[in-house]
Amino acid sequence: MTTLHIVRQSAYTSNDFAQCLQIVKGSDCIVFIDDGCYNLTHPQIKQISSQVELKAIIEHVNARAINLINTKTTTITMNELVALTFQTDRVITWQ
């Protein structure tokens, strides 16, 4: 069973990302939106298995001036996020 994890809060201000990391599995996908994009620069990002897909909404990354060089994160649009919700077995939003 694959799960799409949508992370909306920064680990700098909330423990939602840490809780997500406790249950994420290798076949899951994490999408960072809103202030969740700041997690791409947080030290906890190193805890994620290389098998977990990481994606971020391009407009949200750009609005926060986050540099994705040297990360394994793919940028997507909001329309692509909607499509992902139909491709996974369940969706959990961390907010």
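See the structure above.
Residues numbered from 1 in each chain as written. Predicted model: local features only at pLDDT ≥ 70, side-chain atom pairs only at ≥ 80, totals over all residues. Heavy atoms only, no water.

1. Observations regarding the pattern of salt bridges
Here comes step 1: Counted by the stated rule, this structure contains three salt bridges.
Here comes step 2: A salt bridge links R64 to D35; its shortest N-O distance comes to 3.0 Å. Of this pair, R64 sits in the loop between α2 (58–63) and β4 (73–76) while D35 sits in the loop between β2 (29–32) and β3 (53–57), and the two are 29 residues apart along the sequence. (Salt bridge = Lys/Arg side-chain N within 4 Å of Asp/Glu carboxyl O. Helix = DSSP H or I, 4+ residues; strand = E, 2+ residues; numbered from the N terminus.)

2. Remarks on the state of the cysteines
Here comes step 1: For the structure shown, the criterion picks out zero disulfides.
Here comes step 2: Counting only cysteine sulfurs, C29 is the nearest neighbor of C20, a cysteine outside any disulfide, at a range of 10 Å.
Here comes step 3: The exposure class of C20 is buried, given its relative accessible area of 0%.
Here comes step 4: Free of any disulfide, C37 has its nearest neighbouring cysteine sulfur in C29, separated by 13 Å.
Here comes step 5: When its relative accessible area of 0% is taken as the criterion, C37 is described as buried. (Disulfide = S-S within 2.5 Å. Buried < 20%, exposed > 50% of the residue type's maximum accessible area, 1.4 Å probe, protein only.)

3. Quick notes on the pairing of β4
Walk down a regular strand and you will see the side chains alternate between the two sheet faces.
Here comes step 1: Sheet topology note: the β3/β4 ladder contains four bridges and is parallel. Looking across to β4, one finds that K55 is bridged to T74.
Here comes step 2: For the crossover from β3 across α2 to β4, the handedness is right-handed. (Pairing = 2+ DSSP bridges. Right-handed = clockwise from strand over helix to strand, strands pointing away.)

4. Details of unusual backbone geometry
Here comes step 1: Phi at D34 is positive, roughly 50°, even though this residue is not glycine.
Here comes step 2: Among the secondary structure elements, D34 is positioned in the loop between β2 and β3.
Here comes step 3: Despite not being glycine, A65 has its phi angle at roughly 50°, a positive value.
Here comes step 4: With respect to the element layout, A65 can be found in the loop between α2 and β4.

5. Details of helix α1 (residues 16–23)
Here comes step 1: What α1 keeps buried is the set D16, F17, C20 and L21. Each buried residue of α1 lies within a common arc of 140° when the element is viewed along its axis, so the set occupies one face. (Arc of directions from axis to C-beta.)

6. Quick look at the sheet that holds strand β1 (residues 3–7)
What holds strands together in a sheet is hydrogen bonding between their backbones, with the strands either parallel or antiparallel.
Here comes step 1: Taken in spatial order, the five strands line up as β4-β3-β2-β1-β5 in an open sheet, and their pairing is parallel. The outermost strands of the open sheet, each flanked by one partner alone, are β4 and β5 (90–94). Across the sheet, the axes of successive neighbouring strands diverge by a mean angle of 25°, strand direction being ignored.
Here comes step 2: Relative to β2, β1 is paired through four bridges, and the arrangement is parallel. (Axes fitted to C-alpha atoms, helices over the stretch in contact; angles between N-to-C directions.)

7. Digging into the environment of N67
Here comes step 1: Position of N67 relative to the elements: it lies in the loop between α2 and β4.
Here comes step 2: Measuring from C-alpha to C-alpha, the distance between N67 and I92 comes to 26 Å, with 25 residues separating the pair along the chain.
Here comes step 3: At a separation of 2.8 Å, a polar atom in the side chain of N67 contacts the main-chain amide nitrogen of I69. (Polar contact = N/O pair within 3.5 Å; in protein donor to acceptor, adjacent residues only side chain to side chain.)

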